[in-house]
Amino acid sequence: MNKKTIGFVGTGVMGKSMAAHLIQDGYKVNVFNRTKSKADSLVELGAKWCESIAVLSEKSDVIISIVGYPKDVESIYLNKDGILNHAKAGSIVIDMTTSSPALAKTIYDEAKLHNVKSLDAPVSGGDIGAKNATLTIMIGGDEEAFSQVEDIFNVIGKNVVYQGKSGNGQHTKLSNQIAIAAGMLGVAEAIIYAEEAGLDIDKVFASIEHGAAGSWSLSNLGPRMVKEDYAAGFYVKHFIKDMKIAIEESEKMGLFMPGLLKAKEVYDALSKSGFDDNGTQSVIQLLKNQIKKG
C-alpha cells in the first residue's frame, strides 16, 4: 500500500525532528513554516517546501500541525486561506499543538462540514522525545480516523494512546501539564538543597531518580539544571500558555488547583525576568535567588 502524503505545518524545536522521522521512514512530506529557513534542513532531507498553507493542504492526504498558541491553531485551520478550506475531501488533519479542548472540538465540527476528519493529538517528551521518536501522543477524535493514521503516530512516538472523543487528547495533555507543573519546582528545589548540603549531585541523582521521587523531569531536566543549560527543549512561554489553559479548564469544572496556581505564579515571575525563550528547567535560576533571599 502506498504511504499517504503528509503535510507538516510548524518546523520548530519539536516539529523539525518529527517531520524528519517521517521523511526517513519513507513518507512524502510537504512542509510549511512561517520562517522558511527553519525548514531548510527538511528540504535537504527530501521534503517539498510549499509557499502557503493552502498549497500544502491541497497536496497532502494527512496534514499535521504543531505551532505555538491556540490563536495560531485557529488561524491556520479556520482562516479563509487555512487548512480546512483547502484540504482534500477525505483527508485527515491532526493538530499536535497543546491547545484548547474547545478549539479542538470547533475544528472537528468544521472539518466534518468539509468531509475532512480531525484529530487532536498533543505530545509530551520535549525536544529529547521528538529527536528520539519516543514521544507520548494523546489522541482525541474519531477512532476510525485514528486507526487510519496510527502507523504515522508510531513513527514519531512510542506511547500512543487513543483517548476518545474530540478534545480528549487536549484534556489528557492538560492533565500531563498539571502533573509536571509543581513537580518542576520540586526538582529544582531538590537540586538546590542537595548542592547547599555539599552532596555529590550525580550520586544524589543515582539514588533518587530510581526511587519514589523518580520522574522524567528529574532524569532529563535535572542534569540540565545542574549544568546551567537553559536551551529550550520546551519554552517557558509555551509552558505558561499550557498552564493558563489548564487553569481556565479547571475553573470551568469548579476545581481549585493550588499546585498548578503556584507553579504558574513562579513561571510568570520567570517570564518577567526575561526567560520566555529559555527551557522550562531555567526555573532553577529564579528559585535559587528566591530561596537564598528568603
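What counts and how
Residues numbered from 1 in each chain as written. Predicted model: local features only at pLDDT ≥ 70, side-chain atom pairs only at ≥ 80, totals over all residues. Heavy atoms only, no water. Helix = DSSP H or I, 4+ residues; strand = E, 2+ residues; numbered from the N terminus. Rg over C-alpha atoms; globule rule 2.2 N^0.38 Å. Buried < 20%, exposed > 50% of the residue type's maximum accessible area, 1.4 Å probe, protein only. Contact = heavy atoms within 4.5 Å. Areas by Shrake-Rupley, 256 points an atom, 1.4 Å probe, with all protein chains shown as cover. Axes fitted to C-alpha atoms, helices over the stretch in contact; angles between N-to-C directions. Parallel < 35°, antiparallel > 145°, perpendicular 65-115°, else oblique. Nonpolar A, V, L, I, M, F, W, Y, C, P; charged D, E, K, R; others polar. Salt bridge = Lys/Arg side-chain N within 4 Å of Asp/Glu carboxyl O. Phe/Tyr/Trp six-rings, centres within 6.5 Å; stacked < 30°, edge-to-face > 60°. Lys NZ or Arg CZ within 6 Å of the ring centre and 35° of its normal. Arc of directions from axis to C-beta. Polar contact = N/O pair within 3.5 Å; in protein donor to acceptor, adjacent residues only side chain to side chain. Left-handed = near helix turned anticlockwise from the far one by under 90°.

Draft legend 1. Region of the structure containing the overall build of the chain. Helix and strand counts for the chain stand at 13 helices and nine strands. Whereas a compact globule of 294 residues would reach a radius of gyration of roughly 19 Å, the chain reaches 20 Å, a difference of no more than 12%. Counting only C-alpha atoms, the chain reaches 60 × 45 × 35 Å along its principal axes. Within the chain, buried positions represent 50% of all 294 residues. In the chain, 67% of the contacts between residues at least 6 apart in sequence involve partners at least 24 apart. Carbon and sulfur atoms make up 50% of the accessible area of the chain, which totals about 13600 Å².

Draft legend 2. Summary view of the environment of Gly82. By secondary structure assignment, the location of Gly82 is in the loop between α4 (70-78) and β5 (92-95). C-alpha separation for the pair Gly82 and Ala179, spaced 97 residues apart in sequence, amounts to 34 Å. If near-sequence neighbours (up to four positions away) are discounted, Gly82 is found in contact with Ile53, Ser75, Ile76 and Tyr77.

Draft legend 3. Representation of the packing of α4 against helix α5 (residues 101-113) in the model. Packing of α4 against α5 leaves a shortest axis separation of 11 Å and a crossing angle of 5°. The orientation of α4 with respect to α5, classified from their angle, is roughly parallel. Contact residues: Pro70, Val73, Glu74, Tyr77 and Leu78 in α4; Leu103, Thr106, Ile107 and Glu110 in α5. The residue makeup of the contact of α4 with α5, split by class, is six nonpolar, one polar and two charged.

Draft legend 4. How the structure looks around the pattern of salt bridges. For the structure on display, the rule yields 15 salt bridges. We note a salt bridge from Asp72 to Lys71, for which the minimum N-O separation is 3.7 Å. The class of Asp72 is buried, set by a relative accessible area of 12%. On the accessibility criterion, Lys71 (57% relative accessible area) is exposed. Between Glu248 and Lys244 there is a salt bridge, with its nearest N and O atoms 2.7 Å apart. With Glu248 and Lys244 both in helix α11 (residues 236-252) and four residues apart, the pair spans about one turn of that helix. Among the residues examined, Lys244 registers a relative accessible area of 44% and is labelled partly exposed.

Draft legend 5. View of the packing of aromatic side chains. Counted under the stated rule, the structure contains five aromatic pairs. Members of the aromatic cluster, each reached through a chain of ring pairs, are Phe146, Phe153 and Tyr162. Cation over ring: Lys3 sits above Tyr27, and NZ or CZ is 4.6 Å from the ring centre. We note Lys237 situated over the ring of Tyr235; from NZ or CZ to the ring centre the distance is 5.1 Å.

Draft legend 6. Here's a closer look at helix α9 (residues 201-208). Turning to α9, its buried residues number three or more, namely Ile201, Val204 and Phe205. Buried residues of α9, viewed axially, fall in a sector of 100°; they line one side. Turned more than 90 degrees off the buried face of α9, the exposed positions are Asp202, Lys203 and Ser207. Residues of α9 that are buried make contact with α8 (168-196) and α10 (216-227). Between a side-chain oxygen at the N-terminus of α9 and the backbone nitrogen of Asp202 the separation is 3.0 Å; the capping residue is Asp200.

Draft legend 7. Spatial organisation of the packing of helix α1 (residues 15-24) against helix α7 (residues 143-156). It is the contact of α1 with α7, at a shortest axis distance of 9 Å, that shows an interaxial angle of 115°. Judged by the twist between their axes, the crossing of α1 over α7 is right-handed. Only Ile152, Val155 and Ile156 of α7 make contact with α1, whose side of the interface consists of Met18, His21 and Leu22. A breakdown of the residues in the contact of α1 with α7 according to their chemical character gives five nonpolar, one polar and no charged.

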